[in-house]
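Results of the structural survey
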Amino acid sequence: MADPARAFVAGHPIGHSRSPLIHRFWLDRLGLAGSYEPLDIAPDDFPFFLAGLSASDWAGGNVTIPHKQTAFAAIDKRDAAAEAIGAVNTIWKERGELAAGNTDAYGFAANLDDWTPQWRAGQRALVIGAGGASRAILHALLQAGYRHIDLANRTRDRAAELADLFGASIHAAPLAAIDERAADADLVVNTTSLGMSGEPPLMLDLDKVGDQAIVTDIVYSPLVTPMLAAARDRGLIVADGLGMLLHQAVPGFERWFGVRPLVTPDLRAHIVADLEAHCAGDNAS
């Protein structure tokens with residue numbers, strides 16, 4: 001009888017990761033004997049960890065900051081999403097060799113499918129921020145058929161680099177232009193840290209946004225960012241960022257443990273309770 005599958009999440013630091021909460025919840029609910037363990041691996045040590053991974057008893061795992069690009073460069077067999085995004089967040093084994101993928105675009109799209117499936121009918125989007133997270137969002141939007149995507153960033157040159165990389169549907173803009181670009185958007189996406197706990201809010205004039213527009217944020221702490229609260233008050237459709245985190249975990253779990261898990265209200269409530277507990281702890285300290 002085969003030993004129970006073991007999976008990991010590797011990062012540095014790793015204490016902030018909620019991946020163990022998600023995967024252990026599924027293992028418990030599905031009655032599986034596997035395990036999912038956080039590994040704090042320093043950048044200098046990560047290449048050695050990868051080098052020994054194929055011969056180890058790990059089924060695979062997740063990689064998070066700062067290892068996503070290192071894993072991308074080290075693993076030759078990558079899925080199409082990882083190739084497009086330029087980073088890896090999921091590793092598994094195929095015939096004894098390492099394979100890697102990126103599930104962030106899948107998680108983003110699946111979250112919107114849950115909250116507001118009509119997002120797929122849109123043609124124009126405004127994506128705010130041109131950091132690493134925006135690459136997955138751009139890939140997801142292009143895969144969904146969006147034809148015009150304005151990419152606004154504090155430094156326009158960074159947005160222009162991604163526009164060159166992702167093609168003619170991406171149009172670089174300075175951050176100061178977001179109010180103007182939002183007017184024609186079917187979907188507005190914040191990929192920056194603005195609005196996250198401890199960060200200033202994103203300054204977007206939601207009165208300029210069309211009445212049928214969808215507004216979403218990849219931030220999930222707080223669950224309702226100032227931008228989402230203002231959009232909801234304005235009567236717009238909103239989607240928070242927690243579902244992206246939950247859905248992006250699904251493909252990896254299935255690869256390691258052989259069962260495709262579901263993102264359920266119980267799972268969401270489990271993670272929300274943890275977020276609220278940490279928020280209460282931070283306020284008390």
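Each value, and the rule that gives it
Residues numbered from 1 in each chain as written. Predicted model: local features only at pLDDT ≥ 70, side-chain atom pairs only at ≥ 80, totals over all residues. Heavy atoms only, no water. Helix = DSSP H or I, 4+ residues; strand = E, 2+ residues; numbered from the N terminus. Contact = heavy atoms within 4.5 Å. Polar contact = N/O pair within 3.5 Å; in protein donor to acceptor, adjacent residues only side chain to side chain. UniProt positions renumbered as here; feature names shortened; annotations may be inferred. Buried < 20%, exposed > 50% of the residue type's maximum accessible area, 1.4 Å probe, protein only. Salt bridge = Lys/Arg side-chain N within 4 Å of Asp/Glu carboxyl O. Core = buried A, V, L, I, M, F, W, Y, C linked by side-chain atoms within 4.5 Å. Pairing = 2+ DSSP bridges. Axes fitted to C-alpha atoms, helices over the stretch in contact; angles between N-to-C directions.

- The chain carries the name shikimate dehydrogenase (NADP(+)) in an unreviewed UniProt entry, which gives Effrenium voratum as its organism.

Some points on the environment of Asp57
- As for its position among the elements, Asp57 is in the loop between helix H2 (46-51) and strand S3 (60-63).
- Note: C-alpha distance between Asp57 and Pro4 (53 residues apart in sequence) is 9.9 Å.
- Contacts of Asp57, omitting those with residues within four sequence positions, involve Arg6 and Lys93.
- Within polar-contact distance, the side chain of Asp57 engages the side chain of Arg6 at 2.7 Å.

Here we look at unusual backbone geometry
- A cis geometry characterises the amide bond from His12 onward to Pro13, with omega recorded as 0 degrees.
- In this fold, Pro13 is placed in the loop between strand S1 (6-11) and helix H1 (19-30).
- The residue after Ile65, namely Pro66, is reached through a cis peptide bond having omega 10 degrees.
- Within the secondary structure layout, Pro66 lies in the loop between S3 and helix H3 (68-74).

A closer look at the UniProt feature "domain: Quinate/shikimate 5-dehydrogenase/glutamyl-tRNA reductase" (unreviewed entry) in the chain
- On the UniProt side, "domain: Quinate/shikimate 5-dehydrogenase/glutamyl-tRNA reductase" (unreviewed entry) is annotated at positions that read residues 122-193 here.
- The span residues 122-193 shows a helical share of 39% and a strand share of 28%, and its end C-alpha atoms are spaced 25 Å apart.

A word on the side chain of Thr191
- Relative to the helices and strands, Thr191 resides in the loop between strand S10 (187-190) and strand S11 (214-217).
- Using a relative accessible area of 11% as the deciding quantity, one classes Thr191 as buried.
- Of note is the side chain of Thr191, whose polar atom sits 2.9 Å from the backbone oxygen of Ile128.
- A polar side-chain atom of Thr191 sits 3.3 Å from the main-chain carbonyl oxygen of Gly129.
- Residues within four places of Thr191 in sequence aside, it is in contact with Val127, Ile128, Gly129, Ala133, Ser134, Ile137 and Ile218.

Some words on the pattern of salt bridges
- One pass over the structure, following the stated rule, counts 15 salt bridges.
- A salt bridge links Asp113 to Arg120; the nearest nitrogen and oxygen atoms lie 2.9 Å apart.
- Asp113 sits in the partly exposed class, given a relative accessible area of 29%.
- Across the salt bridge formed by Asp205 and Lys208, the nearest N and O atoms sit 3.7 Å from each other.
- You can call Asp205 partly exposed: its relative accessible area is 28%.
- The structure contains a network of salt bridges with shared partners spanning Arg6, Glu37 and Asp57.

Notes on the nonpolar core
- Membership of the largest hydrophobic core comes to 32 residues, with the highest contact counts inside it found for Trp119, Leu141 and Leu187.
- For this core, the element with the most residues is helix H6 (residues 132-143), which contributes 5 residues.
- Sequence-distant contacts of Leu187, defined by excluding residues within four places in its chain, comprise Leu112, Trp119, Arg124, Ala125, Leu126, Leu141, Tyr146, Ile214 and Thr216.
- Counting 22 residues, the second largest nonpolar core, distinct from the first, contains Leu27, Trp92, Trp256 and Leu267.

Observations concerning the UniProt feature "domain: SDH C-terminal" (unreviewed entry) in the chain
- In the numbering used here, UniProt assigns the feature "domain: SDH C-terminal" (unreviewed entry) to residues 241-263.
- This span, residues 241-263, is 65% helix and 0% strand, and a straight line between its end C-alpha atoms measures 14 Å.

Things to note about the sheet that holds strand S9 (residues 170-174)
- Within the open sheet, the 6 strands sit side by side as S9-S8-S7-S10-S11-S12. Their pairing is parallel. In the strand order of this sheet, the two ends are held by S9 and strand S12 (237-239), each with one partner. Sheet twist, expressed as the mean angle between neighbouring strand axes with direction ignored, is 20 degrees.
- Note: strand S8 (residues 148-153) against S9, 5 bridges, orientation parallel. Across the sheet, Leu151 pairs through a bridge with Ala172, a residue of S9.

Points about the environment of Asn62
- Along the chain, Asn62 falls in strand S3.
- Among the residues examined, Asn62 registers a relative accessible area of 6% and is labelled buried.
- Linking Asn62 and Asp104, residues 42 residues apart in sequence, is a C-alpha distance of 12 Å.
- Once residues within four sequence positions are removed from consideration, Asn62 is found in contact with Phe8, Val9, Ala10, Ser19, His23, Tyr36, Asn89, Thr90 and Trp256.
- At 3.0 Å, the side chain of Asn62 forms a polar contact with the backbone oxygen of Asn89.

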